[in-house]
Amino acid sequence: MKKYTLLAALAFSALTVTATPKENTSQGNPQEMDKFITELMGKMTLHEKIGQLNLPVTGNIVTGQAKSSDVAGKIRNGEVGGLFNLKGVKNIREVQKLAVENSRLGIPLLFGMDVIHGYETVFPIPLALSCSWDMEAIEKSARIAAIESSADGICWTFSPMVDICRDARWGRVSEGNGEDPFLGSAIAQAMIRGYQGKDMSANNEIMACVKHFALYGAGEAGRDYNTVDMSRNRMFNEYFPPYKAAVEAGVGSAMTSFNEIDGVPATANHWLLTDVLRNQWGFDGFVVTDYTAISEMIDHGIGDLQEVSARALTAGTDMDMVADGFIGTLEKSLKEGKVTEADIDKACRRILEAKYKLGLFANPYKYCDVKRAEKEVFTPEHRSIARQIATETFVLLKNQDNLLPLQRKGNIALIGPLANTRANMPGTWSVAATADRYSTLLEGFKNAVGSKANILYAQGSNLMYDADYQTRATMFGRELPRGNDQELLDEALKVAAQADVIVAALGESSEMSGESSSRSELEMPDAQRHLLEALLKTGKPVVLVLFSGRPVVLTWEDKHVPAILNVWFGGSEAADAIADVVFGDVCPSGKLTTTFPQNVGQLPMAYNHKNTGRPLKEGKWFEKFRSNYLDVSNDPLYPFGYGLSYTTFQYSDITLSSKQLNADGKLTASVTVTNTGNYDADEIVQLYIRDLVGSITRPVKELKGFERIHLKKGESKQVTFTITPELLKFYNYDIQYVYEPGEFHVMIGPNSRDVKTTSFELK
């Protein structure tokens, strides 16, 4: 059983600094590290210190707006602290040798990469992983990602991304953990444990980087890189918790976000980076910018490159990714008194400490064993685990008349533009993927049925009618073939006519979500909708296997399609995992971690909203002079925490150990869950609490615990959650972390909507 409450989610203490350069390990003590780095910095010139703050990009995997050149010369001159997105242990070893053996002081480099949801063994996109609610599985996915990437020379990953998002128009919702800060905090810590291991002393443990600090997921209109403006109370209660949890888990580095906060871009925001991150939360790692974030502040309108670079440094930014702001301007700023040498020393020390903690001074080639990559990357064991985890992430949204699972018999038509694509299966931000080795869904289905059934195939449609739009939605080698719209449809209907059942593989391509992939409309793309309509008109049963990197609008599909399985983007093993669930080898168990709206006009939307002074009464669709819409109800299409199974579960009423909770006490809330259907299956039991009266307004409910359990058909289990005053704390008007006496509602159920409710009083 896998249970999480606030104490469990946030109780992990920071990792101890334990490096020593005398051994091939990071074990030791802070005093030895301080002495070593002080002596080293005493030998460094000003230019070499600034060089440690410089992070150019190299290699053939490049994102963003710029490309650095002359990297080798810069390394020899001590002008580079690290590189990122250089793939291949042999390449990395050669570059590390350049730094260690050809620069004046031989300071090793950091090698980072966007290892977001796996390396060559690719796991489901982070949003999908969160829908497993399985912290052991999520930690395991990060552990395998660390093993594989470190075997190929990488020692630093730009993950986890923990930005809370309530607006599905923002494409990068795919990289995060949904809308809830409690669940997001648990996932942040699980990822960091997986990446960093015990203390980063082993050569298969790498440094994590929590991002994007802060509030990046709240951009106005869901548009990437856009302005964010919110109260500090909302920051601390709703958006900051996952970042803080990452710090408490000992994350080694943090990345600044592109957006502004209180009118100052995050990269130059002293309150954010120094007052909150370091002074309040005790973060002792280093801060790196996102791609060209320093130079982008020129367009924000707060200064030229020299000015914004100085502001970034003095605010608490330590490393400049790609913008060449620090390396190009800080010496001039020092002469002009805009920064101090102490500012530069502080940033340099933090980066050198990171290298020390990783054990790079003890052994610069710690991550450069060329034999490891041959044995530890994309292994059968890793692939098997990835396949099993992927099955936990799929969310069954509808299953009319138990159409799913399908039987392995007869003719099964697999139709759709996403049915026979390899490159789109891993999902966005899978930069190290080797897609030519991954299966298509068509191959996965054929493997699953063998000789027991016939799998018929047709592309059916283009991704959308607009060819230019399709080009924008299929970048970075994720292209899909285009054909004549009518001919594709005719072929699909010909195939469908031969079938007993139709599986429609439709939805987003992998690059329709992710960075710079905001969408103003979230309905099924036009060509695919028309294909789906035509397939339904055949009268054959239709299963929609939906690919998506975000919550999408499925109001029409929910009304007309008998079965809908949201498979997100399941990684390198997605094809076989989808087949496992579609044909009933695995019972679906994923639960949504982000609300699905009825239409885009409801966004932003989240379950843990606050009431207005004129809330719409429960069960009402519209009432004049209440907070509602004329044209749609306030309800989501699918609520947070929602997900069906091939079986059914029954929840008992809640039993409280006491109706009162003292300030130094605890109480328990229990329910009995019974599997009343015909399949053994997992269920995710969710605990929500509402603080009815507060000194400030409080949400209508907040997730405060969850447990993933397995029940055989007919089996019952009691699930018990412990409630303490600590679980009830929030940040008040003065940003003090407190609990307040009064009445609380306790809700337990299979999702945020369908809950049993009782109450207790906090004395």
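Reading the values: the criteria
Residues numbered from 1 in each chain as written. Predicted model: local features only at pLDDT ≥ 70, side-chain atom pairs only at ≥ 80, totals over all residues. Heavy atoms only, no water. Core = buried A, V, L, I, M, F, W, Y, C linked by side-chain atoms within 4.5 Å. Buried < 20%, exposed > 50% of the residue type's maximum accessible area, 1.4 Å probe, protein only. Helix = DSSP H or I, 4+ residues; strand = E, 2+ residues; numbered from the N terminus. Contact = heavy atoms within 4.5 Å. UniProt positions renumbered as here; feature names shortened; annotations may be inferred. Salt bridge = Lys/Arg side-chain N within 4 Å of Asp/Glu carboxyl O. Expected span 1.5 Å × (residues − 1). Arc of directions from axis to C-beta. Polar contact = N/O pair within 3.5 Å; in protein donor to acceptor, adjacent residues only side chain to side chain. Axes fitted to C-alpha atoms, helices over the stretch in contact; angles between N-to-C directions. Parallel < 35°, antiparallel > 145°, perpendicular 65-115°, else oblique. Left-handed = near helix turned anticlockwise from the far one by under 90°. Nonpolar A, V, L, I, M, F, W, Y, C, P; charged D, E, K, R; others polar. Domains from an automatic or database assignment. Buried area = accessible area lost by both parts, 1.4 Å probe. Pairing = 2+ DSSP bridges. Patch = residues over 30% accessible without salt bridge, like charges linked within 9 Å, V, L, I, M, F, W, Y side chains within 5 Å. Areas by Shrake-Rupley, 256 points an atom, 1.4 Å probe, with all protein chains shown as cover. Lys, Arg positive; Asp, Glu negative; His and termini not counted. Charge placed at Lys NZ, Arg CZ, Asp CG, Glu CD. Phe/Tyr/Trp six-rings, centres within 6.5 Å; stacked < 30°, edge-to-face > 60°. Lys NZ or Arg CZ within 6 Å of the ring centre and 35° of its normal.

Right, let's get into the nonpolar core. Counting 248 residues, the largest nonpolar core has W156, F240 and I578 as its most contacted members. Tallying contributions element by element places helix 8 (residues 181-196) first for this core, with nine residues. Setting aside residues up to four positions removed in sequence, F240 forms contacts with A214, L215, M235, W271, L272, V276 and W281. Counting residues in each nonpolar core, the second largest holds five residues, with A168, L522, V553 and L603 among its members.

Quick look at the UniProt feature "domain: Fibronectin type III-like" (unreviewed entry) in the protein now. Mapped onto this structure's residue numbering, the UniProt feature "domain: Fibronectin type III-like" (unreviewed entry) falls at residues 683-752. Helix makes up 0% of residues 683-752 and strand 56%, and the two end C-alpha atoms of the span are 14 Å apart.

Counted by the stated rule, this structure contains 38 salt bridges. E139 is the salt-bridge partner of R193, the closest N and O atoms lying 3.0 Å from each other. Taken together, the residues span a long stretch of sequence, with R193 in helix 8 and E139 in helix 7 (residues 135-151) at a distance of 54 residues. Overall, R193 belongs to the partly exposed group, its relative accessible area being 22%. Among the residues examined, E139 registers a relative accessible area of 27% and is labelled partly exposed.

With that settled, the discussion passes to helix 20 (residues 485-497). Taking 1.5 Å of rise per residue, the 13 residues of helix 20 would be expected to cover 18 Å, and the 19 Å separating its terminal C-alpha atoms lies within 8% of that figure. Residues L488, A492, V495 and A496 constitute the buried set of helix 20. Projection of helix 20 onto a plane perpendicular to its axis shows the buried side chains occupying an angular sector of 100°, all on one side. Opposite its buried face, helix 20 presents the exposed residues E487, K494 and A497, each directed more than 90 degrees away. Buried positions along helix 20 lie against strand 13 (411-415), strand 14 (454-458), strand 15 (501-507) and helix 21 (526-537). Between a side-chain oxygen at the N-terminus of helix 20 and the backbone nitrogen of Q486 the separation is 3.1 Å; the capping residue is N484.

Turning our attention to the environment of A448. Mapped onto the secondary structure, A448 falls in helix 18 (residues 441-449). When its relative accessible area of 22% is taken as the criterion, A448 is described as partly exposed. Residues A448 and R408, spaced 40 residues apart in sequence, show a C-alpha to C-alpha distance of 8.4 Å. In this structure, A448 is in contact with R408, A579 and F583, ignoring residues within four places of it in sequence.

Close contact between helix 18 and helix 23 (residues 574-582) brings their axes to 8 Å; oriented N to C, the two are set at 50°. In terms of their interaxial angle, helix 18 and helix 23 are classed as oblique. Helix-helix and strand crossings are classified by hand; for helix 18 and helix 23 the assignment is right-handed. Contacts between helix 18 and helix 23 involve L441, G444, F445, N447 and A448 from the first element and A575, D576, I578, A579 and V582 from the second. Class assignment for the residues of the contact of helix 18 with helix 23 results in seven nonpolar, two polar and one charged.

It is worth spelling out the packing of helix 9 (residues 232-239) against helix 11 (residues 270-280) at this point. The geometry of helix 9 relative to helix 11 is characterised by a closest axis approach of 15 Å and an angle of 50° between their N-to-C directions. Viewed along their axes, helix 9 and helix 11 adopt a mutual orientation that is oblique. The chirality of how helix 9 crosses helix 11 is right-handed. Counted together, R232, M235 and F236 of helix 9 and W271, V276 and Q280 of helix 11 form the full contact between these two elements. Residue composition of the contact of helix 9 with helix 11, by class: four nonpolar, one polar and one charged.

With domains assigned, the protein is organised as domain 1 (46-371), domain 2 (390-581) and domain 3 (646-762). On a C-alpha basis, the centroid separation for the pair domain 1 and domain 2 is 35 Å. Each partner contributes residues to the interface: domain 1 has 34 residues there, and domain 2 has 33 residues. Together, the buried faces of domain 1 and domain 2 total about 2500 Å²; carbon and sulfur atoms form 59% of this surface.

As a further point, take the sheet that holds strand 5 (residues 156-157). Across the sheet, three strands lie side by side as 3-4-5; this open sheet has parallel pairing. With one partner strand each, in any of the chains shown, strand 3 (82-84) and strand 5 form the two edges of the open sheet. Here three bridges tie strand 3 to strand 4 (residues 110-113), and the two strands are oriented parallel to one another. Within the sheet, the bridge partner assigned to G82 lies in strand 4 and is L110.

Moving on, we come to the side chain of S548. With respect to the helices and strands, the residue S548 is situated in the loop between strand 16 (542-547) and helix 22 (555-560). Given the relative accessible area of 0%, S548 is considered buried. Looking at S548, its side chain comes within polar contact range of the side chain of N566, at 3.2 Å. Aside from chain neighbours lying at most four places away, what touches S548 is I125, E508, N566, W568 and F569.

This brings us to a negative patch on the surface. A grouping of D466, D468, D485 and D526 is seen on the molecular surface, where their side chains present a negatively charged patch. Here D526 is to be found in helix 21. Using a relative accessible area of 35% as the deciding quantity, one classes D526 as partly exposed.

Following the criterion strictly, the structure yields 32 aromatic pairs and no others. Consider the rings of W133 and F706, whose centres lie 5.3 Å apart with planes at 85°: the pair is edge-to-face. Of this pair, W133 sits in the loop between helix 6 (126-130) and helix 7 while F706 is found in strand 23 (residues 702-711), placing the two residues 573 residues apart along the sequence. W133 gets classed as buried once you look at its relative accessible area, which sits at 0%. Connected via pairs of aromatic rings, a cluster forms that spans F213, F236, F240, Y243, W271, W281, Y731 and Y737. Over the aromatic face of F730 sits the side chain of R698, whose NZ or CZ is 4.0 Å from the ring centroid.

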